[in-house]
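# Survey of secondary and tertiary structure
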Amino acid sequence: MQTTFLSKLIKKFSPGAYLGVDIGTTSIKVAELLKTPKGLRLSNYGLLESYGHLERFNDAIQTSSLKLLGKETAEMLKLLIKKSKIKTKRAIASIPLFAAFTILLEVPSMSSEEITQSMQFQARQYIPLPINEMALEWIKVGEYTDEKGFSKQQIFLISIPNDTIGRYKDIFNSAGLNLEAIELENISLTRALIGGDLTPTAILDIGCRASSVSIVDGGFVKAVHQSDYGGGNLTQAIAGGLRVNPKRAEELKRQRGLLGTRGEYELSTLMTPFLDVIINEVRRAANSYFEKYARKVERVIISGGGVALPGIVEYAERQLGLPVIKSNPLAGSRIAYSQELTPLIEGLGSSFSVALGLAMKELI
Ligand SMILES: Nc1ncnc2c1ncn2[C@@H]1O[C@H](COP(=O)(O)OP(=O)(O)OP(=O)(O)O)[C@@H](O)[C@H]1O
Ligand SMILES: [Mg+2]
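Residues numbered from 1 in each chain as written. Chains lettered and ligands numbered in written order. Predicted model: local features only at pLDDT ≥ 70, side-chain atom pairs only at ≥ 80, totals over all residues. Heavy atoms only, no water.

Where an unreviewed UniProt entry is consulted, the chain appears under the name SHS2 domain-containing protein, with the organism given as Candidatus Wolfebacteria bacterium RIFCSPLOWO2_01_FULL_45_19.

Okay, structure coming up:
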């Protein structure tokens, strides 16, 4: 993996603990991992949900979360670090898909230096902003021999505006943390949820104002898709349909979800048109991947706050005709955690997928 701007940020000393920080539209999640002789251990974690968006609902849903990044976010982050007794200052942050440009390129086999040079040139063709205002990063995600016998490499190119990176650095500085790297959240999710599994998988991350689909094959992200719909739209649909305020709508959504019967049935009827748009994005992403690479997505993992909607896994399974699983980044034995956390992790583990994937970045 080539890391132009990351290598400038990451200092070369041996890692012991890292903090993964996932700043979303409505919440901040942090997870601190320790590297011990026995493996990784979850030492602390924290979640701060801001319900402010329910009061200024349309604002929060319609504006980009990056606009919210600023003094308020730094204050929230500081508070969260203090409350969750986080010790390390070494942080890695995620960036949402809508704040980056990505593309999968196919290039002839060449050295890392040559790829780096070629990416500068390729980026000019694909990225609609001046290249000198962007940080570029590329990851080799596959290779194959084409029908003419030439060997080809698949390169996933990610580009993030310098301005965005600057804003993140400011927030972390104000919160008293050292921001050592920034990563696209789809990459963090893949690290946390896929590990070395080679199965072609779609990861659906349902956030508040947006959702994303990552197609992961052979353990690498091959394609990313984005939908402008998220859990916030489901709340909005309930609020509008039942004429209740957004706070009440949010409560109803969390309590009953899609599982209502008779009187409650209306709740799912209100939500499904929006949920279907989100789920359709998975279908589109899988179809487009199949058309290009003749590889079939075999399963779907749902992550993000939206996976907690009661009944969503079964509903998505019916709609997609594929096995659907709720994400659990703490399943298996890769990360140890104290026994007391078990009940909590069953409920919340899934929402920490990005934060855990970030903290794992330099530790595995
Ligand atoms: N128990 C639950 N049932 C249904 N929906 C839930 C539940 N818990 C959280 N959500 C929804 O999850 C969404 C928030 O998810 P998440 O925390 O992943 O978002 P975010 O990362 O802050 O947002 P984004 O990724 O869009 O910036 C909200 O719409 C919230 O209503
Ligand atoms: Mg999110």
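### Some remarks on the packing of helix α5 (residues 71–83) against helix α7 (residues 162–174)
Close contact between α5 and α7 brings their axes to 8 Å; oriented N to C, the two are set at 45°. Regarding the angle of α5 to α7, the classification is oblique. With respect to the hand of their crossing, α5 and α7 are arranged in right-handed fashion. When α5 is examined against α7, the residues Thr73, Ala74, Leu77 and Lys78 are found in contact with a partner set consisting of Ile171, Phe172 and Ser174. Along the lines of polarity and charge, the residues of the contact of α5 with α7 split into 4 nonpolar, 2 polar and 1 charged. (Axes fitted to C-alpha atoms, helices over the stretch in contact; angles between N-to-C directions. Helix = DSSP H or I, 4+ residues; strand = E, 2+ residues; numbered from the N terminus. Parallel < 35°, antiparallel > 145°, perpendicular 65-115°, else oblique. Left-handed = near helix turned anticlockwise from the far one by under 90°. Contact = heavy atoms within 4.5 Å. Nonpolar A, V, L, I, M, F, W, Y, C, P; charged D, E, K, R; others polar.)

### Considering the site of ligand 1
Taken together, the neighbourhood of ligand 1 is formed by 20 residues, with Thr25, Lys29, Glu250, Lys253 and Gly305 sitting nearest. In this structure, alanine 308 approaches ligand 1 through a main-chain N or O atom, which is 3.3 Å from a nitrogen atom. Protein chains shield 89% of the accessible area of ligand 1, which is 650 Å² for the free molecule. Considering each element in turn, the shell around ligand 1 owes the most residues, 3 residues, to helix α10 (residues 246–256). Within the shell around ligand 1, the residues separate by chemical class into 5 nonpolar, 10 polar and 5 charged. (Near = heavy atom within 4 Å. Polar contact = N/O pair within 3.5 Å; in protein donor to acceptor, adjacent residues only side chain to side chain. Areas by Shrake-Rupley, 256 points an atom, 1.4 Å probe, with all protein chains shown as cover.)

### As for the sheet that holds strand β12 (residues 299–303)
In space, the 5 strands of this open sheet follow the order β11-β10-β9-β12-β13, with mixed pairing throughout. At either end of the open sheet lies a strand with only one pairing partner, and these are β11 (220–227) and β13 (324–326). For this sheet the average axis-to-axis angle between neighbouring strands, irrespective of direction, equals 20°. Two elements, strand β9 (residues 201–206) and strand β10 (residues 211–217), share 6 bridges in a ladder whose sense is antiparallel. In the sheet register, leucine 204 faces β10, and the bridge partner there is valine 213. (Pairing = 2+ DSSP bridges.)

### Notes on helix α11 (residues 265–293)
For α11, which comprises 29 residues, the first-to-last C-alpha distance of 41 Å matches the rise-based estimate of 42 Å (1.5 Å per residue) to within 8%. Threonine 272 marks the point of greatest bend in α11, at about 40°, and the proline proline 273 comes within the next four residues. Looking at the residues trailing α11, positive phi occurs at alanine 294, about 55°. (Expected span 1.5 Å × (residues − 1). Bend = angle between axes of the 7 residues up to and from the residue.)

### Notes on the nonpolar core
Ranked by internal contacts, the top residues of the largest apolar core, which has 63 residues, are Val21, Leu33, Leu42, Leu77, Phe156 and Phe172. Of the residues forming this core, the biggest block, 6 residues, is contributed by helix α14 (residues 353–360). The contacts of leucine 77, once residues within four sequence positions are left out, are Val21, Ile28, Val30, Ile171, Phe172, Ala175 and Leu177. Counting residues in each nonpolar core, the second largest holds 32 residues, with Ile206, Leu252, Ala285 and Val307 among its members. (Core = buried A, V, L, I, M, F, W, Y, C linked by side-chain atoms within 4.5 Å. Buried < 20%, exposed > 50% of the residue type's maximum accessible area, 1.4 Å probe, protein only.)

### As for the packing of α11 against helix α12 (residues 312–320)
One way to put it is that α11 packs onto α12 with a least axis distance of 10 Å and a crossing angle of 60°. Taken together, the axes of α11 and α12 are oblique relative to one another. As α11 packs across α12, the resulting crossing turns out to be right-handed. For the pair α11 and α12, contact is made by Thr272, Leu275, Asp276, Ile279, Val282 and Arg283 and by Ile312, Tyr315, Ala316, Gln319 and Leu320, respectively.

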